[in-house]
Amino acid sequence: MKRPVLLLALTLLGCQSILTARQMHPLQVKVVPAWVANAFTVAQTQSEAMYNEVMKTGLLPRSIQRGLQPKTDWTAGFFPGTLWYLYTYTGEDTWKTRAEKATALMEGEQNNAFDHDIGFKMYSCFGNGYLLTGNKAYRHIIFRSAKTLTSRYSYKTGLIMSWEPDVKRDWLFPVIIDNMINLELLMEAYKMSGDTTLRHIAVSHADKTMKYHYRKDMSCPHVVDYEPETGAMRKYDWNNGSDDTAHSTWSRGQSWGLYGFTMMYRETGDRKYLQHAEKIADFLLSHPNMPEDMIPYWDYSAPERSKMRDASAAAVMASALMELSTYSARGKKYFEAGEKQLKSLSSPAYLAKPGTHKNFILMHATGNLLRNSELDGALSYADYYYMEGLLRYLRLINGKELYKVI
Ligand code: GLY
């Protein structure tokens, strides 16, 4: 079938986004504000030293507290992803080679169905590598990884199961808000292959999350548990954020949701996802507990318990706001808010001094406060989404599209 005819047929079938693949190119922009240039200089110094550690050990950085981890860790893909972003910024082959070598460490994970984080793990490295280089071997790995993720989908619930059932926690089919990010892997693999099952699963998971994971005020808990046979919602719960499950508003979780629904609008063109993302953004930007520098506390609902910040929540949110600003009638407000977050993160209060901070880029990122884990330190995903947010910012201030649609 000729491409226009095929496109028409697929559009009539409701498959709007098929074959509208994306590409990213090394940046090549004229305007780079001094604070952004400084951030990338710091990031390059830190990441070169980190890369040497990675190549010596075969392990991948997670945080100061947990150090370098095996490729099975949910965070393992972020550092290779950061290397792809440094290649995007510099256009230099040295960074490309480093990104390729670190990405190659992740290859075996394409068949690891242990948890839903295969999306985080594989999209950040192979996904970015594919968008930048078109490497056909990466394409195959992305498709395989997406198929692995679908093994966690249940047609009865219409959801991907994030974690295993847990008797102690009384979890039968736990879904965490973070899971929204993993849908990007499914959508990318769908566009490559035309396999509509992948799209169906992503849309079903997003729709059900939109319906059951959010409270009326647009906050959400970390965990929602479902009845596996009927798909009925059982309860709200927590693992990260506050343990007050009726009110818990874990800051990174709010950012995962904002990012995920913005991405689902990009991938499907369905305006209900855009509206949902706008409502999340409006809720967060007008939250009385949003600090003046816009780097959220660990949980919006409980700053009286701790005023610890989470730079990763700010980095994910800033990157999402950059993208949302390109789709929304309220784009200016979202762009300015994301810009403010990126500027705060790029200030000496959050940006590490070169040669310190165990070679991570951002300070004051918090893993899990109530579990006393990875507190007020570094997180590889804070660094990754910070780089992504800065690249998106540079493209936008230079009048360029975030992605080239081909
Ligand atoms: N996805 C787990 C976390 O954000 O901590």
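Residues numbered from 1 in each chain as written. Predicted model: local features only at pLDDT ≥ 70, side-chain atom pairs only at ≥ 80, totals over all residues. Heavy atoms only, no water.

- If you check an unreviewed UniProt entry, the chain appears there as Glycosyl hydrolase, family 88 from Bacteroides clarus YIT 12056.

**Some remarks on the overall build of the chain**
Here is step 1 of the chain: Secondary structure assignment for the chain yields 13 helices and nine strands.
Here is step 2 of the chain: By the compact-globule yardstick of 22 Å for 406 residues, the chain fits well, its C-alpha radius of gyration being 20 Å.
Here is step 3 of the chain: Overall, the C-alpha framework of the chain stretches about 60 × 55 × 45 Å when taken along its three principal axes.
Here is step 4 of the chain: By the burial criterion, 60% of the 406 residues in the chain qualify as buried.
Here is step 5 of the chain: Residue pairs in contact within the chain that sit at least 24 positions apart in sequence constitute 68% of those at least 6 positions apart.
Here is step 6 of the chain: Carbon and sulfur atoms make up 54% of the accessible area of the chain, which totals about 15,400 Å².
Here is step 7 of the chain: Positive and negative side-chain charges in the chain, numbering 48 and 42 respectively, have mean positions lying 4 Å apart. (Helix = DSSP H or I, 4+ residues; strand = E, 2+ residues; numbered from the N terminus. Rg over C-alpha atoms; globule rule 2.2 N^0.38 Å. Buried < 20%, exposed > 50% of the residue type's maximum accessible area, 1.4 Å probe, protein only. Contact = heavy atoms within 4.5 Å. Areas by Shrake-Rupley, 256 points an atom, 1.4 Å probe, with all protein chains shown as cover. Lys, Arg positive; Asp, Glu negative; His and termini not counted. Charge placed at Lys NZ, Arg CZ, Asp CG, Glu CD.)

**Some details on the site of the ligand**
Here is step 1 of the chain: Every residue lining the ligand is accounted for by Trp-74, Asp-178, Asn-240, Trp-250, Arg-252, Trp-256 and Tyr-381.
Here is step 2 of the chain: In the model, an oxygen atom of the ligand is placed 2.6 Å from a nitrogen or oxygen of the Arg-252 side chain.
Here is step 3 of the chain: Trp-256 places a side-chain nitrogen or oxygen 3.0 Å from an oxygen atom of the ligand.
Here is step 4 of the chain: A total of 200 Å² of accessible area belongs to the ligand in isolation, and the protein chains cover 90% of it.
Here is step 5 of the chain: Among the residues making up the shell around the ligand, the classes are represented as four nonpolar, one polar and two charged. (Near = heavy atom within 4 Å. Polar contact = N/O pair within 3.5 Å; in protein donor to acceptor, adjacent residues only side chain to side chain. Nonpolar A, V, L, I, M, F, W, Y, C, P; charged D, E, K, R; others polar.)

**Observations regarding the packing of aromatic side chains**
Here is step 1 of the chain: Tallied over the entire structure, the rule returns 25 aromatic pairs.
Here is step 2 of the chain: Centroid distance Phe-78 to Phe-120: 5.9 Å. Interplanar angle 65°. Geometry classified as edge-to-face. Here Phe-78, found in helix H3 (residues 78-90), pairs with Phe-120, found in helix H5 (residues 118-133); they are 42 residues apart in sequence, far enough to count as distant. The same class applies to Phe-78 and to Phe-120, which are both buried.
Here is step 3 of the chain: Arranged with centres 6.2 Å apart and planes meeting at 80°, the rings of Tyr-212 and Tyr-226 form a pair that is edge-to-face. You can see Tyr-212 sitting in helix H8 (residues 196-212) and its partner Tyr-226 sitting in strand S7 (residues 223-226), a full 14 residues away along the chain.
Here is step 4 of the chain: Tyr-226 gets classed as buried once you look at its relative accessible area, which sits at 0%. (Phe/Tyr/Trp six-rings, centres within 6.5 Å; stacked < 30°, edge-to-face > 60°.)

**Describing the pairing of strand S2 (residues 60-63)**
Here is step 1 of the chain: Across three bridges, the pairing between S2 and strand S3 (residues 67-69) is antiparallel. The residue bridging Leu-60 from the neighbouring strand is Gln-69, located in S3.
Here is step 2 of the chain: In this antiparallel pair of consecutive strands, S2 and S3, the connection spans three residues. (Pairing = 2+ DSSP bridges.)

**Thoughts on the sheet that holds strand S6 (residues 174-176)**
By definition, the strands of a sheet pair up through backbone hydrogen bonds, in either a parallel or an antiparallel sense.
Here is step 1 of the chain: Sheet architecture is open: three strands sit in the order S6-S7-S8, paired in antiparallel fashion. A strand with exactly one partner marks an edge of an open sheet, and here the two such strands are S6 and strand S8 (233-237). Taking each pair of neighbouring strands and ignoring which way they run, the sheet shows an average axis angle of 25°.
Here is step 2 of the chain: Pairing geometry for S7 and S8, over four bridges, is antiparallel. Paired with Val-223 across the bridge in S8 is Asp-237. (Axes fitted to C-alpha atoms, helices over the stretch in contact; angles between N-to-C directions.)

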